[in-house]
Protein chains: 2
Amino acid sequence: MSGELVGIGLGPGDPELLTLKAVRLLGEIPVVATIASDRAEPVAARIAEPHLAADVERLAFRAPMHADAGTRAAFYDEVATVIGEKLASGRRVGVPCLGDPLFYGSFIQLLERLAPRHPCSVVPGVTAPHAASAVLRLPLARARESVLVLPATLPDERLARGLATADTAVLVKLGRHLPRIRRLLAKAAPDFAAWIASGVGTPEERLAPLDRWQEPVAPYMSLLILRRAMAAG
Amino acid sequence: MSGELVGIGLGPGDPELLTLKAVRLLGEIPVVATIASDRAEPVAARIAEPHLAADVERLAFRAPMHADAGTRAAFYDEVATVIGEKLASGRRVGVPCLGDPLFYGSFIQLLERLAPRHPCSVVPGVTAPHAASAVLRLPLARARESVLVLPATLPDERLARGLATADTAVLVKLGRHLPRIRRLLAKAAPDFAAWIASGVGTPEERLAPLDRWQEPVAPYMSLLILRRAMAAG
């Protein structure tokens, strides 16, 4: 009988924003697999660590995030093969994920590869947009408002079209796209107030109105919250 | 010295989806105020209850959710006055909120009234769209996708314009708007796959593809997740 694959949302980075369910599962699950970028600190593994069982088996993978699509796909094929063998032997495998596993998470790559042959479940988590909204005390959505989340990696035309329809917009994966986004906002969204939030809930947390953010770029794990000025009242 | 107003996200309804931070604060805070609709069970109060300190002071308000805007505003003025007096006397007041306090939460009404004169903070929570996505094992957003959250209470034209730009759309506050939404989707979004999720994480949880949901309407706390078919691959 197959073991179960469990994606476990850890929340945005603050160790206190784990859910009770995430904590319980991290302590129960016999095999824990973490995936981190090959260019960044393995944050999910660090947050999960204090909650793991003493005799847990750890699998730590480093993803070639900046490689071409084919290389990345081959990497996830390989990870799915290794995890699939554990599942086939009847073991339950947990995958701790920053934020929510199904919200821009690499866990989706594993789910798509393993769900056809193994039972899978997901524990949702608090995401960075909600954490940033909380720290800024800035509502994401009032009663009849809409919220749009967009990756800053999309082309200008797609971003401008989205901004035209939303009361609140959140641009994730900001990083090196910031200079282009600044130009786009000046042109396509002059009526939005903008705040940048980086590393929310971590020791590296930084928050600022966009016009006071001096650096030309932002860390990769940054986001921009845009609220239409007329929506604020 | 003023006490602090603390909005505490409880997550979507599953008592295990509280964060460690929410649990800690619920146990520490001397005054807890809950706001429930006058026509529904006070769910937030029920979820918070097991975590409250033995000597906590409880304030329970019932909001006239279906009254006109003026009556609702007067209600929140009154609640803010009562809570403001506690804050002015130096006491910390926690407001447990289903989901996330700043995501369609009535806490926003209190924040807007009390933040000018009192310190305020917010603990973010897991929201219903993420909980539904987890139970359905349906990604909300893959790498370069956008997610749009829209209240089903908006007029057709606003909904159709939003649906035209998003890869995933989540319609919240579905309830009695379901018949109109069905007609709109058939016309404006035939390429979307649709799932309805109601009471996620509660004993009343129900999930179904929209075309297998037989009833004409849905409970108020229901949502619809729409994923563009071409985005699924």
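Residues numbered from 1 in each chain as written. Chains lettered and ligands numbered in written order. Predicted model: local features only at pLDDT ≥ 70, side-chain atom pairs only at ≥ 80, totals over all residues. Heavy atoms only, no water.

Draft legend 1. Quick peek at unusual backbone geometry. Residues and elements named next belong to chain B. We note that tyrosine 104 has phi near 60°; this positive angle belongs to a residue other than glycine. Assignment of secondary structure puts tyrosine 104 in the loop between strand S4 (93–97) and helix H4 (107–114). With a relative accessible area of 17%, tyrosine 104 lands in the buried category. (Helix = DSSP H or I, 4+ residues; strand = E, 2+ residues; numbered from the N terminus. Buried < 20%, exposed > 50% of the residue type's maximum accessible area, 1.4 Å probe, protein only.)

Draft legend 2. Molecular detail of the packing of helix H3 (residues 69–88) of chain A against helix H4 (residues 107–114) of chain A. Residue and element names in this part refer to chain A. One way to put it is that H3 packs onto H4 with a least axis distance of 9 Å and a crossing angle of 60°. For the element pair H3 / H4, the angle class is oblique. Crossing of H3 over H4 shows right-handed handedness. Contacts from Ala73, Tyr76, Asp77, Val79, Ala80, Ile83, Gly84 and Leu87 in H3 reach Gln109, Leu110, Arg113 and Leu114 in H4. The residue inventory of the contact of H3 with H4, partitioned by class, reads eight nonpolar, two polar and two charged. (Axes fitted to C-alpha atoms, helices over the stretch in contact; angles between N-to-C directions. Parallel < 35°, antiparallel > 145°, perpendicular 65-115°, else oblique. Left-handed = near helix turned anticlockwise from the far one by under 90°. Contact = heavy atoms within 4.5 Å. Nonpolar A, V, L, I, M, F, W, Y, C, P; charged D, E, K, R; others polar.)

Draft legend 3. Expanded view of the state of the cysteines. Counting across every chain of the model gives zero disulfides over all chains. A:Cys97 takes part in no disulfide bond, and the closest cysteine sulfur, belonging to A:Cys120, lies 12 Å away. (Disulfide = S-S within 2.5 Å.)

Draft legend 4. Summary view of the sheet that holds strand S2 (residues 31–37) of chain B. Residues and elements named next belong to chain B. Taking strand neighbours across the sheet as the criterion, the five strands line up as S3-S2-S4-S1-S5 in an open arrangement whose pairing is parallel. For this open sheet the edge positions go to strand S3 (57–63) and strand S5 (120–123), each flanked by a neighbour on one side alone. Direction aside, the axes of adjacent strands within the sheet are offset by 20° on average. The pairing of S2 with S4 spans two bridges and is classified as parallel. By the bridge assignment for S4, valine 32 is matched with glycine 94. In the packing of helix H1 (residues 20–28) onto the sheet, the strands contacted are strand S1 (5–9), S4 and S5, and the crossing angle to S1 comes to about 135°. Packed on one face of the sheet, H4 meets S1, S2, S4 and S5 and runs near 160° to S1. (Pairing = 2+ DSSP bridges.)

Draft legend 5. View of the relation of the copies chain B and chain A. Expressed as a screw transformation, the operator carrying chain B onto chain A has a rotation angle of 180° and an axial translation of 0.0 Å, and the superposed copies differ by an RMSD of 0.0 Å. Expressed as an axis order, the relation between the two copies is that of a two-fold axis. With an isologous cut-off of 70% or more, the 100% of interface residues of chain B that recur at the interface of chain A puts this contact in the isologous class. (Least-squares fit on C-alpha atoms with pLDDT ≥ 70 in both.)

Draft legend 6. Focus on H4(B). Residues and elements named next belong to chain B. Looking at H4, one finds that the buried residues are Phe107, Ile108, Leu110, Leu111 and Leu114. For H4, the arc enclosing every buried residue in end-on projection is 160°, short of the 170-degree limit, so these residues lie on one face. Those residues of H4 that are buried are in contact with S1, S2, helix H3 (69–88), S4 and S5. (Arc of directions from axis to C-beta.)

Draft legend 7. Summary view of the packing of aromatic side chains. All names here are of chain A. Applying the stated rule across the entire model yields four aromatic pairs over all chains. Seen from their ring centres, phenylalanine 103 and tyrosine 104 are 4.8 Å apart, and the 70° between their planes marks the pair as edge-to-face. Judged by relative accessible area, phenylalanine 103 falls into the buried class, the value being 11%. (Phe/Tyr/Trp six-rings, centres within 6.5 Å; stacked < 30°, edge-to-face > 60°.)

Draft legend 8. How the structure looks around the pairing of strand S1 (residues 5–9) of chain A. Residue and element names in this part refer to chain A. Counted residue by residue, S1 has five buried out of five residues, so it is predominantly covered. The alternating pattern of S1 places Leu5, Gly7 and Gly9 on one face and Val6 and Ile8 on the opposite face, and all of these are buried. Relative to strand S5 (residues 120–123), S1 runs parallel, the two sharing four bridges. Along S5, the bridge assignment pairs leucine 5 with cysteine 120. Note: S1 against strand S4 (residues 93–97), five bridges, orientation parallel. Bridge pairing in S4 places isoleucine 8 opposite proline 96.

The values reported here are purely geometric and, on their own, carry no functional implication.
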